[in-house]
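So you can see what is in the structure, the chains are spelled out below.
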Amino acid sequence: MRTTVGIIGAGPAGLLLARLLHNAGIESVVLESRDRAYVEQRQRAGILEQGTVDVLRAAGAGERMDREGLPHDGIELRFAGRRHRVDFPALTGGRSVMVYAQTEVCKDLIALQLKEGGPLLFGAEALAVEDAGSERPRVRFTYDGREDVLECDYVVGCDGFWGVARGAVPAGLSRVFERTYPFGWLGILADVPPSHDELVYARHDRGFALLSMRSPSVSRLYLQVPQGADAQAWSDEEIWDELDRRFETTDGWRLQRGPITSKSVTPMRSYVHEPMRHGRVFLAGDAAHIVPPTGAKGLNLAVGNVVTFARALAYEKETGSGELLDAYSETCLRRVWQAERFSYDMTTLLHRDPDATGFEDRVQLARLERIASSRAAETDLAEGYTGFPLE
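Since this is a predicted model, take the numbers as computed values, not measurements.

Student: How would you explain the side chain of D148 if you had to name every residue and give the values?
Tutor: Secondary-structure assignment places D148 in strand β11 (residues 146-157). At a separation of 3.5 Å, a polar atom in the side chain of D148 contacts the side chain of R146. For D148, the residues in contact, after removing those within four places along its chain, are M1, V139, R140 and F141.

Below you can see the structure in the form of structure tokens.
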């Protein structure tokens, strides 16, 4: 097989990249190791930054999002029994976010790709990326019971942390920066309408809690739990009781309960691989960086990566200059590190470290008080949450 851009991975990054390239008149082939049903049911992120929403609309993939997504103009912070709302549009010149699950983004992009785009091969497992430093990199993969080769002008690895694309960067050129947190998130889906119309981020002496949603009738909630905790060790009643404690306020607000349909534990880590490009192989999304979910940055960072690549390749097509492609890693990493910083700040602001001292607890509360009382501090949070500019 032969194509201009070989894309490994049909998550939101790979699928959006294929769509952007199609709109620019550039051919691509997408290889995805899982089947379509798995990709369309894989529970991940649910918060889309303003920039991501704008990109999906411009790409022709925003119709159902605009019809079914939930626009949010703020979040609520809770600490010491108090409630403080952060008003995004008032602080950012009109920017907001959209609650629209990654599964739905993938469904929309898959439908467009199969209808209008190039080949999208489910069940095609990439085995290796070869000849990254040459003008004809190759992806070896298995499909339909046999091994094949995809010859490309460029390869973009959107294949996640465990994928093969990052292995194309020689070890001697790679630098890794990471932090593992001593806690995780116990997440649940529940068939109950959300108890608040915006996301609620709660800091409590017992640990962090988050009230989110997937739709007007389905709630998504999280509890900070010790690293390595087993989700099945928590009964449904224990989960609701703990959520009640951590969301408690002095004004009598109540959390609505309902049947829990799934529960799982997500580990918390920060990770960056530099560089994000070697030769004609480019890394995007979790293949290059991971953020703790507190800042809602994972999917949005991946979108920023593929937008940067698609613009750079279109520029080369129009002008003959590879200047923007050569700057891909540097351009992406500026935004990546700002998102890493924001996610780290949100995580350390709201989670209680199991080894925290009384001094550290008070500093944490002082940081929250500062946000609640200072427009400048509140604006910094709002600007980070709604998204950093797509360069």
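There is more to say, and it comes next.
Student: Got a sec to walk through the sheet that holds strand β5 (residues 74-79)? Specific residues and values, please.
Tutor: The mixed open sheet is built from 8 strands, whose spatial order is β6-β5-β13-β14-β15-β12-β16-β19. Each having just a single partner strand, β6 (82-87) and β19 (289-290) make up the two edges of the open sheet. Of the pairings in the sheet, the one linking β5 to β6 comprises 6 bridges and is antiparallel in character. Residue pairing across strands places L77 opposite H84, the latter belonging to β6. Across the sheet, helix α10 (residues 328-350) is in contact with β12 (175-190), β13 (199-203), β16 (260-274) and β19; its angle to β16 comes to roughly 130 degrees.

Student: For the side chain of S329, give the residues involved together with the corresponding values.
Tutor: On the secondary structure map, S329 appears in helix α10. Setting aside residues up to four positions removed in sequence, S329 forms contacts with P275, M276 and R277.

Student: Now, about the pattern of salt bridges: what can you tell me, with residues and values included?
Tutor: Following the criterion strictly, the structure yields 40 salt bridges and no others. Residue E178 is joined to R269 by a salt bridge in which the shortest nitrogen-to-oxygen separation is 2.9 Å. Here R269 lies in strand β16 and E178 lies in strand β12, a separation of 91 residues in the sequence. Residue classification places E178 among the exposed residues on the basis of a relative accessible area of 51%. D326 is the partner of R277 in a salt bridge, and the nearest nitrogen-oxygen pair spans 3.0 Å. In this pair, R277 sits in strand β17 (residues 277-278) while D326 sits in helix α9 (residues 323-326), placing the two residues 49 residues apart along the sequence. A relative accessible area of 22% means that R277 is categorised as partly exposed. Take D326: its relative accessible area is 55%, and that puts it in the exposed class. Taken together, the shared-partner salt bridges in this structure form one network comprising E63, R64, R67, E68, E104, K107 and D108.

Rules of the game
Residues numbered from 1 in each chain as written. Predicted model: local features only at pLDDT ≥ 70, side-chain atom pairs only at ≥ 80, totals over all residues. Heavy atoms only, no water. Helix = DSSP H or I, 4+ residues; strand = E, 2+ residues; numbered from the N terminus. Polar contact = N/O pair within 3.5 Å; in protein donor to acceptor, adjacent residues only side chain to side chain. Contact = heavy atoms within 4.5 Å. Pairing = 2+ DSSP bridges. Axes fitted to C-alpha atoms, helices over the stretch in contact; angles between N-to-C directions. Salt bridge = Lys/Arg side-chain N within 4 Å of Asp/Glu carboxyl O. Buried < 20%, exposed > 50% of the residue type's maximum accessible area, 1.4 Å probe, protein only.

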